[in-house]
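Listed here are the chains, written in short residue letters.
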Amino acid sequence: MASSAFFALLRDVSKLAASAADDLAAQSAKLSAAADDIATLTGKAAVKTAGVAGDDLAVGAGQVAGVSPNRELPALWRITKGSAVNKVWLAALLLVVGYFLPPAITIALTLGALYLAFEGGEGLLEYFHDDSDGAAEAAPMTEDEKVRGAIKTDIVLSFEMLVISLAATGDAPLGYKIAVLALVGVVMTVGVYGLIGLIIRLDDMGLALARKGEGWRRRLGLAMANAAPVILKVLGPVGMVAMFAVAGGILGHLLHLEIGHWALALLADIAIGVVVGLLLVGLHHLWAKWRGKH
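Since this is a predicted model, take the numbers as computed values, not measurements.

A.B. asks: How should helix α8 (residues 216-254) be read in this particular structure?
C.D. replies: Residues spaced three or four apart along an α-helix point in a common direction, a consequence of the helix completing one turn every 3.6 residues. Residue Ala227 marks the point of greatest curvature in α8, where the axis turns by about 30°; the proline Pro229 follows within four residues. Two residues or fewer after α8 comes His256, characterised by a positive phi angle close to 60°.

Shown next as structure tokens:
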């Protein structure tokens, strides 16, 4: 009797263990599938926000470039923290608005695209504008002013980045949306501002390598030092083109514009962004002149 009771108990324990193992395997499979889905959605969102990240990179590098060399990294760290805070409250705001009023996301996406096109249009006009008329230059901005300006600009760029990411998740569950926004926010913040830190210190690293190294190491160090100002100079136009591409891509998607080849689609996005941006800048200048006369 004792032995039969023991084996019966052992059988029940084995059944419970097997059932628990099956439940654990099922939960693991669900978690794995969820992780795969989140990774896929995050990848799509990252691709769609790459243009905005490029613009963020150009703007951030431009803001830090004018700071005193010994204050560049502290100023960059302040901007990075401000950007992270921006993404937290913006993500929360978008999730709440998207839950209660989904059409507002499309409206926000459209307004963000128009803003990016407008900023790109103004940048394009400034790029070709001749400033050789002897006008007095504005007083240089302090570090605090540069940091505050960069954080304010980051609000718009982070907002656009998160709106695009949220739109890329489609009808995914709320938990997936939160995870995607969190991952995109972390990856883009660390990636963009980490790369800015690398760029602004590239000349110092190159000079250090050139002084200590010989042969190919010295040549590499000199090449790094010479590349830093070129990269900073190129980032402005690249960021402007990125703004046009992102704005045109959003507007083209809203108009259901379909172009087969990716290269042609990219050129079409840039063209749409340029046309809309210059049109908005023209309307803005006309409005300013009209108000000045009245």
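A.B. asks: Whenever I open this one, the environment of Pro229 confuses me. Can you help?
C.D. replies: Within the secondary structure, Pro229 sits in helix α8. With relative accessibility at 48%, the residue Pro229 sits in the partly exposed group.

A.B. asks: It is not clear to me how the nonpolar core should be interpreted in this structure. Could you clarify?
C.D. replies: One recurring pattern in soluble globular proteins: nonpolar side chains tend to sit buried together. Grouped together as the largest cluster of nonpolar side chains are 22 residues, with contacts concentrated most on Leu57, Leu76, Ile79, Val192, Tyr193, Ile196 and Leu235. If you list the elements that add at least two residues to this core, you get α2 (50-65), α3 (72-100), α5 (143-168) and α6 (174-200). With 8 residues, the top contributor of residues to this core is α6. One finds Leu94, Ala108, Ala247 and Leu251 within the second-largest nonpolar core, a separate group that totals 21 residues.

A.B. asks: Explain the packing of aromatic side chains to me, please; I cannot follow it from the model alone.
C.D. replies: How two aromatic rings sit relative to each other is set out by the distance from centre to centre and by the angle between their planes. In the structure shown here, the tally under the stated rule is 2 aromatic pairs. Note on Tyr99 and Phe100: the rings are 5.0 Å apart at their centroids and 90° apart in plane angle, and the pair reads as edge-to-face. Seen in terms of ring centroids, Trp287 and Trp290 are 5.4 Å apart; in terms of plane orientation they differ by 20°. Their pairing is stacked. Taken together, the residues Trp287 and Trp290, both in helix α9 (residues 262-293) and 3 residues apart, mark about one turn of the helix.

A.B. asks: Can you help me understand the side chain of Thr80 in this one?
C.D. replies: Tracing the backbone shows Thr80 in helix α3. Each residue touching Thr80, except ones within four places of it in the same chain, is listed here: Thr189 and Tyr193.

A.B. asks: Explanation requested: the packing of α3 against α6 in the structure shown.
C.D. replies: Packed helix pairs are characterised by how far apart their axes lie and by the angle those axes make with each other. Relative to each other, α3 and α6 sit at 165°, their axes nearing to 10 Å. The orientation of α3 with respect to α6, classified from their angle, is roughly antiparallel. Helix-helix and strand crossings are classified by hand; for α3 and α6 the assignment is right-handed. Counted together, Glu72, Leu73, Leu76, Ile79, Thr80, Ser83, Lys87, Ala91 and Leu95 of α3 and Leu174, Lys177, Ile178, Leu181, Gly185, Thr189, Tyr193, Ile196, Gly197 and Ile200 of α6 form the full contact between these two elements. Grouping the constituent residues of the contact of α3 with α6 by class yields 11 nonpolar, 5 polar and 3 charged.

A.B. asks: Would you mind showing me how to read the pattern of salt bridges here?
C.D. replies: Pairs can form between side chains of opposite charge whenever their charged atoms are close. For the structure on display, the rule yields 3 salt bridges. For the salt bridge of Arg78 with Asp144, the shortest nitrogen-to-oxygen distance reads 3.0 Å. Within this pair, whereas Arg78 is found in helix α3, its partner Asp144 is found in helix α5, the two being separated by 66 residues in sequence. By relative accessible area, which is 31% here, Arg78 ends up partly exposed. Judged by its relative accessible area of 38%, Asp144 falls in the partly exposed class. Note that Arg201 and Asp204 form a salt bridge whose closest N and O atoms lie 2.6 Å from each other. The exposure class of Asp204 is partly exposed, given its relative accessible area of 35%.

A.B. asks: Honestly, unusual backbone geometry in this entry has me stumped. Any pointers?
C.D. replies: Outside of glycine, negative phi angles account for most residues, and trans bonds account for most peptide bonds. Here the phi dihedral of His256 falls at roughly 60°; this positive angle occurs in a residue that is not glycine. Along the chain, His256 falls in the loop between α8 and α9. Here His256 falls in the exposed class, since its relative accessible area comes to 66%.

Rules and cut-offs
- Residues numbered from 1 in each chain as written.
- Predicted model: local features only at pLDDT ≥ 70, side-chain atom pairs only at ≥ 80, totals over all residues.
- Heavy atoms only, no water.
- Bend = angle between axes of the 7 residues up to and from the residue.
- Helix = DSSP H or I, 4+ residues; strand = E, 2+ residues; numbered from the N terminus.
- Buried < 20%, exposed > 50% of the residue type's maximum accessible area, 1.4 Å probe, protein only.
- Core = buried A, V, L, I, M, F, W, Y, C linked by side-chain atoms within 4.5 Å.
- Phe/Tyr/Trp six-rings, centres within 6.5 Å; stacked < 30°, edge-to-face > 60°.
- Contact = heavy atoms within 4.5 Å.
- Axes fitted to C-alpha atoms, helices over the stretch in contact; angles between N-to-C directions.
- Parallel < 35°, antiparallel > 145°, perpendicular 65-115°, else oblique.
- Left-handed = near helix turned anticlockwise from the far one by under 90°.
- Nonpolar A, V, L, I, M, F, W, Y, C, P; charged D, E, K, R; others polar.
- Salt bridge = Lys/Arg side-chain N within 4 Å of Asp/Glu carboxyl O.

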